[in-house]
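# Architecture at a glance
For reference, the chains in residue letters:
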Amino acid sequence: PPSKANPSELLGSKIESEDDVLAVNRMPDFDNTLSGRDVEVLCQYLTAPYLRIPLVLRFFANETRIRALESRQCQELVTAALFEPSTWHAQHQRSLPEVVPSPERAHLATSCGVLFNEIIHSPQAVLDSLEKLLDLSVNLDMGRYVNSDGTTTAGDVILFVLRTTVRILGYVDFVLDHARAAAIEGRVEGVGWMCSVRGLTCSEANLQLLQSASRRMHGVLEGQMLPMIEKWRLKCAAAQQLPQTCVLYAHLGYLFRYVREDQLDIKTVAVLLTCQIFLTHNCPNRMEASGPIPSQPSSSPPPNKKHNFWGGGGKDKTKGGPSASDWAQLEGLGADHLQISQLEMFNLFQEHRCKVLRWLQQNPRGCDVVMETIINVLTNAATILEVSPVPPRHWLTLTELGGIGRFYPDTEKKSSAPPEGLSYSEWLRFKMTSTVETEINMQMGTYTIKTNQTEMLDELISDHPDFVTVFGVDSRLQCARVQATDQRNWVRVVGQRHDCKYWRHADEREVKTRAASRNLRALKEEERWLWDVLTPLLEGVLRGLKIQVQDEDFSTATYGMAIARGNENKNILEIIVYRNPPVVHVYKVVEHGRRFFNTLCFVSDADLAMSNLDPNLFAIGLDHYQIIGGQVPRAEEVRGPSLVITRSLSSDIGSQALIPARLLHGLIPDWFLSKYFFWQSETTGVLTGVPNPQTTDP
């Protein structure tokens, strides 16, 4: 095909010299971004292919012309002018022209392309213009990629400059790496910059110039461009602008197009893998020859679009994958909707695949951080540039055949060996079912939560007070269904290491308590102290309750226990009577997630309790009063749904269940309940307090 930088193709008439450009009556205006005079100068530059690279870069490294790069036609022209290699010089010897101007241009051919030729022999002009172009583009940032009304900003100009800078720096770094490899004595020939290539010898002065310029521009790309595009991505993700988010993810990955293996770190690996996984799941693949993407999605998502990694909600998001409107937008954008060839993106990820895998295997702690970052970014609209405050789990590689590069958290580690005694159908089902529930496959660029699609949390869960306490009011999180029955809906909150078990109905079974069947009047003489402590309350707050004392002897104990039951034995109060100092605590037995807890509701002396109950005056005798706290419930309590939240932060800690503060009243001082969340180990029963991030005091 004709070159986009060919002036004859651009102007529609035969152009052989600068004089031919002056004879053209109608000039292109590149979407009204350049004046006729500027276009005339640009076309004259294109008539000199050997010199046009520094001329074209300097032309656009100007405050008044850089916005012309928003035109797609202008971008194609610049790309062709910079990266087309021009005529190849096949001979080792070069013949100089005998007359000037020369009737032919054979002496202007190069052995490695025009851009390599400029970088090696005259880098100053190219690098100065490129640096200025990069700085000008950074100054065009308006804080967002697209406006709220969908109109574009200077974002496409910035992205084009980013792509151009990355590609030219790829050439620069190739020359530098080739020079370092050539200086190694006794080196073994390899591929890429490790091989001997004619025409890549560079002077020491130019190498130093290239090295300093490369360091400065890489600093701008990673120090300014990367945070800028990440900020745009977060805003597009929050607005659920899928096509724009795909574009920004592609450019985040493209920033590290030519990174070497020894330059890999946690940030680089996290960016590469996150971008690959997001694009794999959310970007239509236009490299297949099987036909176009359907204009209307079917009832089920396409095979490689199983998950939708939005931080927000929406009715058309609940089935996973891009919605119908998203697919319509993506289809209408054309094959170059990422502004980068999909083949080039595929090549980028494949070139880095083995490097990244080796880095993950050699840096297990870094691997843990990378995997947690991937999940946080894809599921919670978190930023790639910040590490999650939650300590990472340890991630392992599947040991089965084909398991290299497939990572899963050690909290989900299960045996891959089938149990003995299985029938053939049971054995086949076991082998065909994933042994882990969460998997990141860096070979294929996929993120899988067993076989379930991700969906938005049910409002019954997200609006529950216990959920709001842990995750906040505006926590638009996704989940994957683990199990659903008539009584319970069990989901896994994606990226949070938390499970939610929503019990639709309360447990209607009889509450089981310690054996207590004795009447108060049947107490032994040594146990009469309990009667003495209770007597002032029997005609007051405990009036009318049927109280039964524990069967176990408490003659020498420091406290005794009694039970007060309501109708049908569903409303139960547990009464703890302390001997010295004499005080009575009344606990209400409440059900939560098929477990029963005691929560303090009344105390006979408000000063002798760990809960701040509403104080009241209580008459003891004719002229003595005592401050009591709370009240004894009389009405039958209506049991409703409950939400059990569990977490599994690491294999060392194990699974823990949240114990809401309302279930710990009277057992733990209220000050601690207001400052800490309490999680109970499901194996040891140990209660652990975790600071509440919503409180400011330590």
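I will try to describe carefully the structure that is included in this document. (Residues numbered from 1 in each chain as written. Predicted model: local features only at pLDDT ≥ 70, side-chain atom pairs only at ≥ 80, totals over all residues. Heavy atoms only, no water.)

### Quick word on the overall build of the chain
Within the chain, the secondary structure is distributed over 19 helices and 20 strands. Within the chain, contacts between residues separated by at least 24 positions form 63% of all contacts whose residues are at least 6 apart in sequence. Accessible area for the chain stands at about 35,000 Å²; split by element, carbon and sulfur atoms hold 52% of it. (Helix = DSSP H or I, 4+ residues; strand = E, 2+ residues; numbered from the N terminus. Contact = heavy atoms within 4.5 Å. Areas by Shrake-Rupley, 256 points an atom, 1.4 Å probe, with all protein chains shown as cover.)

### Let's talk about the sheet that holds strand E2 (residues 406–409)
Strand order in the open sheet formed by four strands is E1-E2-E3-E4, and the pairing between neighbours is antiparallel. With one partner strand each, in any of the chains shown, strand E1 (395–397) and strand E4 (446–449) form the two edges of the open sheet. In this sheet, neighbouring strand axes are inclined to one another by 25° on average, regardless of whether the strands run parallel or antiparallel. As paired elements, E2 and strand E3 (residues 438–441) share two bridges and run antiparallel to each other. Bridging from a neighbouring strand, Phe407 pairs with Ile440 of E3. Here helix H11 (residues 266–282) sits on the sheet in contact with E3 and E4, set at roughly 75° to E4. (Pairing = 2+ DSSP bridges. Axes fitted to C-alpha atoms, helices over the stretch in contact; angles between N-to-C directions.)

### Some points on the packing of helix H7 (residues 123–138) against helix H9 (residues 204–238)
In a pair of packed helices, the angle between the axes and the distance between the axes together describe the arrangement. At a closest axis distance of 11 Å, the pairing of H7 and H9 adopts a crossing angle of 15°. On the basis of their axis angle, the class for H7 and H9 is roughly parallel. Read as a crossing pair, H7 and H9 show a hand that is left-handed. Residues Pro123, Gln124, Leu127, Leu130, Glu131, Leu134, Asp135, Ser137 and Val138 of H7 form the contact with H9, whose participating residues are Asn206, Leu209, Leu210, Ala213, Arg216, Met217, Val220, Leu221, Gln224, Met225 and Met228. The residue inventory of the contact of H7 with H9, partitioned by class, reads 13 nonpolar, four polar and three charged. (Parallel < 35°, antiparallel > 145°, perpendicular 65-115°, else oblique. Left-handed = near helix turned anticlockwise from the far one by under 90°. Nonpolar A, V, L, I, M, F, W, Y, C, P; charged D, E, K, R; others polar.)

### Considerations on the nonpolar core
One finds Phe60, Leu69, Leu273, Leu279, Leu360 and Met371 to be the most contacted residues of the largest nonpolar core, which totals 117 residues. Dropping the residues within four chain positions of it, Leu360 is found in contact with Val269, Leu273, Cys367, Val370, Met371, Phe407 and Met442. Formed by 26 residues, the second largest nonpolar core is a distinct cluster that contains Leu530, Leu537, Leu542 and Ala562. (Core = buried A, V, L, I, M, F, W, Y, C linked by side-chain atoms within 4.5 Å. Buried < 20%, exposed > 50% of the residue type's maximum accessible area, 1.4 Å probe, protein only.)

### Thoughts on the environment of Arg594
Here Arg594 is to be found in the loop between strand E13 (583–592) and strand E14 (595–603). What makes Arg594 partly exposed here is its relative accessible area of 22%. Sequence separation between Arg594 and Asp507 is 87 residues; the distance between their C-alpha atoms is 6.0 Å. Look past the residues within four positions of Arg594 in its chain and what remains in contact with it is Gln487, Trp503, His505, Ala506, Asp507 and Arg509. A distance of 3.2 Å separates a polar atom in the side chain of Arg594 from a polar atom in the side chain of Gln487. (Polar contact = N/O pair within 3.5 Å; in protein donor to acceptor, adjacent residues only side chain to side chain.)

### Quick look at the environment of Asp38
With respect to the element layout, Asp38 can be found in helix H3 (residues 36–46). Note on Asp38: relative accessible area 14%, which makes it buried. When the C-alpha atoms of Asp38 and Arg65 are compared, they prove to be 8.7 Å apart, with 27 residues separating the residues in sequence. Not counting chain neighbours up to four residues away, the residues in contact with Asp38 comprise Phe59 and Arg65.

### Describing the packing of helix H6 (residues 114–121) against helix H8 (residues 155–182)
Taken N-terminus to C-terminus, the directions of H6 and H8 make an angle of 60°; their axes are 10 Å apart at the nearest point. Between H6 and H8, the crossing angle belongs to the class labelled oblique. Classified by chirality, the crossing of H8 by H6 is right-handed. In this structure, H6 contributes Leu115, Phe116, Ile119 and Ile120 to the contact, and H8 contributes Ile168, Tyr171, Val172, Phe174 and Val175. Taken together, the residues of the contact of H6 with H8 break down into nine nonpolar, no polar and no charged.

### Considering unusual backbone geometry
Cis rather than trans, the peptide bond between Asn580 and Pro581 has omega equal to 0°. Relative to the helices and strands, Pro581 is located in the loop between strand E12 (572–578) and E13. Even without glycine at this site, Phe30 takes up a positive phi of about 50°. Residue position: Phe30 is located in the loop between helix H2 (18–22) and H3. One non-glycine residue, Asp31, lies in positive phi territory at about 60°. Positionally, Asp31 belongs in the loop between H2 and H3.

### Some words on empty space enclosed by the protein
Rolling a probe over the atoms, with the probe sized like a water molecule, indicates the empty space that remains. All told, the structure shown has four cavities of 30 Å³ or more when counted by the stated rule. Size it by volume and the largest cavity reaches roughly 60 Å³. Taken together, Leu272, Leu273, Gln276, Leu348, Phe349, His352, Arg353, Val356 and Met442 make up the full set of residues lining the largest cavity. Listed by contribution, the elements that provide at least two residues to the lining of the largest cavity are H11 and helix H13 (342–362). Here the element with the most residues in the lining of the largest cavity is H13; it accounts for five residues. When the residues that make up the lining of the largest cavity are grouped by side-chain class, the tally is six nonpolar, two polar and one charged. (1 Å grid on protein atoms, 1.4 Å probe; cavity = no way out; pocket = protein on both sides within 12 Å on 5 of 7 lines; lining within 4 Å. Points joined across faces, edges and corners; volume = space filled by probe spheres on them.)

### Here's the deal with the pairing of E13
The element E13 is extensively covered by neighbouring structure, given that nine of its ten residues are classed as buried. Pairing between E12 and E13: six bridges, direction antiparallel. Considered in E13, the bridge of Ile576 is made with His585. The antiparallel hairpin formed by E12 and E13 contains four residues in its connecting segment. The pairing of E13 with E14 spans eight bridges and is antiparallel. In the sheet register, Val590 faces E14, and the bridge partner there is Phe597. Here E13 folds back onto E14, and the loop between the two strands holds two residues, one of which, Gly593, carries a positive phi near 60°.

### Digging into H9
An α-helix turns once per 3.6 residues; consequently, residues spaced three or four apart project the same way. Given a rise of 1.5 Å per residue, 35 residues ought to cover 51 Å, and the 50 Å separating the end C-alpha atoms of H9 matches this to within 8%. The largest bend along H9 reaches roughly 35° and is located at Met225, with the proline Pro227 sitting one to four residues downstream. Phi for Gln240, located one or two positions after H9, is positive at around 55°. (Expected span 1.5 Å × (residues − 1). Bend = angle between axes of the 7 residues up to and from the residue.)

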